[in-house]
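These are the residues of each chain, in order.
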Amino acid sequence: MKKAYVQGVGVLAPGLVGWQQCREVLTGKQPYEHAELPKLVPQRLAAAVRRRTGDYIRLAIEVASEAVDNSDVDPSTLASVFCTSDGDGQIAHNICEAVTHDEPMVSPTQFHNSVANAPAGYWSQAVQSFEPSTSVAGFDHAFAVGMIEAMAQVTMEDRPILLVSHDVRFPEPLHSARPMASSFGVAMVLSPEKTNASLCALTATIHRVSGKPSVFEDAALEAVRKGNPAARSLAALQAIANGSGTVELNYPEEDLLRLEFAS
Amino acid sequence: MFPLVISTFTTTSALGTGIEAMRSALQDRRSGLAPCSFDTRLQTYTGMVQGVDEVKLPESMSIFNCRNNRLAQLGLQQDGFVDHVTALRERYGADRVAVIIGTSTAGIHETELAYQHRDPDTGKLPDDYHFETTHNLFATTQFVRHYLQLTGPALMVSTACSSSAKVFASAWRLIASGECDAAVVGGVDSLCFNTLHGFGALGLVSETPTRPCAPDRTGISIGEAAGFAIVERPEQAESHTGMALYGYGESSDAYHMSTPRPDGAGAALAMERALTCANLKADAIDYINMHGTASEVNDAMEDKAISKVFGNATPASSTKGWTGHTLGAAGITEAAIVFTAFKHGFLPGTINTKEVDPDFSSRIILDNETASPTYILSNSFGFGGSNCSLIFGMYK
């Protein structure tokens, strides 16, 4: 596929609060220290709307907001790709619990928030974007799967795109069936053209060799990377922080997705 | 855009298994809706596929066993689809064929059943419950890839009721980008308590069989379906159906999570973008297969959107009275209806509906009409304001 340009990044995870802190950690200027995720209060959602959302939707809005703020684009002009491992585990739990009862009481708000494209729906409302949005799922490979869709859109539709990948830890008993160490959200704006704001160029290739993905020597960072499907993006974020680098991510089956970042 | 030919397709819904069952039900005007036996706590009609529970997955894939994957397998086994894929795999190589599936709830019903059997003391789910291969949204894509032995690009599109319409747009982009030579696109969505009671809580489920575009319409009848198609570049296809994807249009409503924009602006934008993509004028379209869910708001806004883009001459209808609303499988199911209309020279009307809402201004047809359509537009709209319009045509 043709080249795209990274215009801005947003990150939110325990100990990685915002792109600036994440960049410092990933370039070795600051050690990684685990810290609780701050309370999620995305300002782009009106208070009345925000009240109807849980952390799953809020995390997506937070990182999307940071990415567009960092990239100096009008968010209403951006198409988007949202990727998730499995969707909103808290809502899945609540509804699956509710429907065990003789008279199920499902919250209408929870139900309409249960669709995998709920974060995309709230985002398009928040920024008043009529542009296309695709939500994709990919289990442990969600970020890599979403990246391919995003790159196909940037290069084939010739339009900038907002890519958001986020997953939030499930409550029990689903957590035991689908464990995640913690929540992780990442967003990036990708553009078909280089601008003054471009951080680096990016090419993506599905590489049909079995091999190991890029990992971290730092045990704490490696634990973050492995602890959440969206955090599989961490090596890519490090390459962006460094301005260049080649990283490989697991792609379904034994394949690898190779991402090459260059200044 | 360049067109993608439909090399082959198959469809399984409440109308039966395979293309012929759909054709006869459409031409005989026989609805697949019946009183809901899947969940007796609700009084409604559903478009249930018969025989899903009797389907046995191959032993080596038994970990994928759940209603959604059983339905997927039942669908894949119709119309010689697997043989077509085998030929495709041999021609291009397994890694050059993408699998792009749409669903809204995948195998969540497996989790619903597991929740009924939690350990009374610890709350733990049963030991034989496997999240990754059932409930997980990507599970259906993985099941289809394994079943068809394909290893090309993999995608699960989950944008509620537009999911398996948008798979065609993703397929075009992946083929155009050179990431693959062909794609198996499809949609699989199966009955579950989440959607029955969720739509019920929103007051969108009709107690009687759904009546799209009727003045006294009372909401949706939920259906389930599996459908698949192979798309590839015309010059590379060894044989094809004589039909092609000519355009797609995607938009967001930016309005509300479960209510479409009442003026239909988002829906109209998707249709306009599809026309632009196909490089066609509105009057080239011979028939519109509506999203037409029979919810009060959807049908009214869709009528406005169609009138705005097409005026009031282009025949339009909703086929949800036949299949029910198959949610994440609606796009592919209605694509199969469109292909059947091309192939057999007719336009399906709108069953169950006795008269059209007098407030509507577009030309909604109730009876089937004999016709030789050249281009047909199909609409799919989902929660979150996710709109997708597709234009299919006779390949020239």
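Residues numbered from 1 in each chain as written. Chains lettered and ligands numbered in written order. Predicted model: local features only at pLDDT ≥ 70, side-chain atom pairs only at ≥ 80, totals over all residues.

A short note on the sheet that holds strand 3 (residues 34–35) of chain B
Residues and elements named next belong to chain B.
Then, number 1: One open sheet holds the three strands; their spatial order is 3-4-8, and the pairing between them is mixed. At either end of the open sheet lies a strand with only one pairing partner, and these are strand 3 and strand 8 (222–223).
Then, number 2: Bridging between strand 3 and strand 4 (residues 45–47) involves two bridges; their strand directions are antiparallel. The residue bridging Ala34 from the neighbouring strand is Thr46, located in strand 4. (Pairing = 2+ DSSP bridges. Helix = DSSP H or I, 4+ residues; strand = E, 2+ residues; numbered from the N terminus.)

A word on the nonpolar core
Then, number 1: Within the largest apolar cluster, 235 residues are counted, with the highest numbers of intra-cluster contacts made by A:Leu190, B:Ala171, B:Ala183, B:Val184 and B:Val231.
Then, number 2: Among the elements that take part in this core, helix 7 (residues 142–156) of chain A stands out by supplying eleven residues, more than any other. (Core = buried A, V, L, I, M, F, W, Y, C linked by C-beta atoms within 7 Å. Buried ≥ 20, exposed ≤ 12 C-beta atoms within 10 Å, placed from the backbone.)

Side note on the interface of chain A and chain B
Then, number 1: Each side of the interface is counted separately: chain A has 54 residues, and chain B has 54 residues.
Then, number 2: Those elements that provide at least two residues to the side of chain A that touches chain B are helix 4 (89–98), helix 5 (108–113), helix 6 (118–127), strand 4 (133–137), helix 7 and helix 8 (174–177) of chain A.
Then, number 3: Broken down by element, the side of chain A that touches chain B gets its largest block of residues, seven residues, from helix 7 of chain A.
Then, number 4: For the side of chain A that touches chain B, a count of residues per class yields 26 nonpolar, 19 polar and nine charged.
Then, number 5: As defined by bridge partners, strand 4 of chain A adjoins strand 6 (residues 154–157) of chain B across two bridges and the pair is classed as antiparallel. Its bridge partner being in strand 6 of chain B, A:Val136 is matched across the sheet by B:Val157. (Contact = placed C-beta atoms within 7 Å. Nonpolar A, V, L, I, M, F, W, Y, C, P; charged D, E, K, R; others polar.)

Remarks on unusual backbone geometry
Then, number 1: At the junction of A:Glu172 and A:Pro173, the peptide bond is cis and its omega measures out at 5° in the coordinates.
Then, number 2: Tracing the chain through its elements places A:Pro173 in the loop between strand 5 (161–167) and helix 8.
Then, number 3: Its identity is not glycine, yet A:Asp158 carries a phi of approximately 55°, on the positive side.
Then, number 4: On the secondary structure map, A:Asp158 appears in the loop between helix 7 and strand 5.
Then, number 5: Overall, the presence of 10 C-beta atoms within 10 Å leaves A:Asp158 in the exposed class.
Then, number 6: We note that B:Ala106 has phi near 40°; this positive angle belongs to a residue other than glycine.
Then, number 7: Within the secondary structure layout, B:Ala106 lies in the loop between strand 5 (97–102) and helix 4 (108–116).

Description of helix 1 (residues 19–28) of chain B
Residues and elements named next belong to chain B.
Then, number 1: Every buried residue belonging to helix 1 is among Ile19, Met22, Arg23, Ala25 and Leu26, and all of these are buried.
Then, number 2: Check the buried side of helix 1 and you find it contacts strand 1 (4–13), strand 2 (16–17), helix 10 (320–323) and helix 11 (330–344).
Then, number 3: Arg29, located one to two residues past helix 1, shows a positive phi value of around 55°.

Digging into the pairing of strand 16 (residues 375–382) of chain B
All names here are of chain B.
Then, number 1: Of all eight residues in strand 16, seven are buried; the element is thus mostly enclosed.
Then, number 2: Inspection of the sheet shows strand 11 (residues 287–289) paired to strand 16 by three bridges, in the parallel sense. Looking across to strand 16, one finds that Asn289 is bridged to Ser378.
Then, number 3: Between strand 16 and strand 17 (residues 386–394), which pair antiparallel one after the other, the connecting turn spans three residues, and Gly384 there sits at a positive phi close to 80°.

Quick look at the confidence of the model for chain B
Then, number 1: Per-residue pLDDT for chain B averages 98, and the proportion of residues at 70 or more is 100%.
Then, number 2: Interface confidence in the predicted complex, given as ipTM, is 0.98; pTM for the same model is 0.98. (pLDDT = per-residue confidence, 0-100.)

Digging into the environment of A:Ile206
Then, number 1: For A:Ile206, the location among the structural elements is in strand 7 (residues 200–207).
Then, number 2: Residues A:Ile206 and A:Asn94 lie 112 residues apart in sequence; the distance between their C-alpha atoms is 37 Å.
Then, number 3: When near neighbours in sequence (up to four residues on either side) are disregarded, A:Ile206 contacts A:Tyr251, A:Asp255, A:Leu257, B:Pro153 and B:Glu179.

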